Amino acid sequence: MGRAPANRADECATINDGGILRWKDAPLVRELFVMHNMMMRCGDRLVSDLGLTGSRWILLGAVTDYDEPPTLTALSNDALLSVQNVSRMVAAMESDGLLERFSKPGEGRSVFVGASQRGQEICDLACARGEQFTREFLNGFSEEEIRTMQGFLDRMLGNLQEFERLLQSGALPEIAPKQNEQSGGMSGNANTHRSDTQ
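Let us look at the structure shown here. (Residues numbered from 1 in each chain as written. Predicted model: local features only at pLDDT ≥ 70, side-chain atom pairs only at ≥ 80, totals over all residues. Heavy atoms only, no water.)

Considering a nonpolar patch on the surface
Together, Leu-28, Leu-32, Met-35, Phe-137 and Leu-153 give the surface a local cluster of nonpolar side chains, amounting to about 430 Å² of exposed area. As for its position among the elements, Leu-32 is in helix H2 (residues 29–47). (Patch = residues over 30% accessible without salt bridge, like charges linked within 9 Å, V, L, I, M, F, W, Y side chains within 5 Å. Areas by Shrake-Rupley, 256 points an atom, 1.4 Å probe, with all protein chains shown as cover. Salt bridge = Lys/Arg side-chain N within 4 Å of Asp/Glu carboxyl O. Helix = DSSP H or I, 4+ residues; strand = E, 2+ residues; numbered from the N terminus.)

Next comes the structure, spelled out in structure tokens:
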């Protein structure tokens, strides 16, 4: 059985028939956060003996997916992470002998990233396990359902990218907090407390 949400449960959360806690005002958000955490935990456990974490596995796979070694900027754009974050991960994996950074004549200051021989071998082993991960993750879903979900996720990702642009530009209008039925009483109690202590 699912646990009852604490404190502001009636205002913010609900529990469905399966006992899963959901946020009333943010459909899917909690589920996606939880799913991301579970995916990373499973990924960590699946490749920990290879010296990888879920995050490093994703980055190593991204590097080897390119026909030619990508730049740090390209990896950053693909993962929607800052160049600084990707650079730190690459540097750590280079120290572990998995990746290599180099420059190319005529390419200015661009930094390219490639897998070392050991990194490619580790990636091959990890990708074989990734097939098992995918089978378990999508167990019970038809190809049509998977394509439909991919379309929905692409649309949500696009929405978030647009939202991020608004946040960065400062164009997002200020939203006033929602008022609840107890707000007046809480305000009154606060005022009474202040007058008693003055």
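That covers the picture; the talk isn't over yet.
Considering the side chain of Ser-116
Note that Ser-116 resides in the loop between strand S4 (112–115) and helix H6 (117–137). Looking at Ser-116, the relative accessible area reads 8%, which means it is buried. Here Gly-97 takes part through its backbone oxygen, which lies 2.5 Å from a polar atom of the side chain of Ser-116. A polar atom in the side chain of Ser-116 sits 3.0 Å from the backbone nitrogen of Gly-119. In contact with Ser-116, not counting residues within four places along its chain, are Gly-97, Leu-98, Leu-99 and Glu-100. (Buried < 20%, exposed > 50% of the residue type's maximum accessible area, 1.4 Å probe, protein only. Polar contact = N/O pair within 3.5 Å; in protein donor to acceptor, adjacent residues only side chain to side chain. Contact = heavy atoms within 4.5 Å.)

Some words on the packing of aromatic side chains
By the definition in use, this model includes 2 aromatic pairs. Relative to Phe-112, the ring of Phe-102 lies with its centre 6.0 Å away and its plane at 15 degrees, an arrangement referred to as stacked. Of this pair, Phe-102 sits in strand S3 (residues 99–102) while Phe-112 sits in strand S4, and the two are 10 residues apart along the sequence. (Phe/Tyr/Trp six-rings, centres within 6.5 Å; stacked < 30°, edge-to-face > 60°.)

So, the packing of H2 against H6
Viewed as axis vectors pointing N to C, H2 and H6 meet at an angle of 140 degrees, and their least axial separation amounts to 11 Å. Relative to H6, H2 is oriented oblique. Pair H2 / H6 crosses with right-handed handedness. Between H2 and H6, the residues in contact are Met-35, Met-39, Cys-42, Gly-43, Leu-46 and Val-47 and Ala-126, Arg-129, Gln-132, Phe-133 and Phe-137, respectively. (Axes fitted to C-alpha atoms, helices over the stretch in contact; angles between N-to-C directions. Parallel < 35°, antiparallel > 145°, perpendicular 65-115°, else oblique. Left-handed = near helix turned anticlockwise from the far one by under 90°.)

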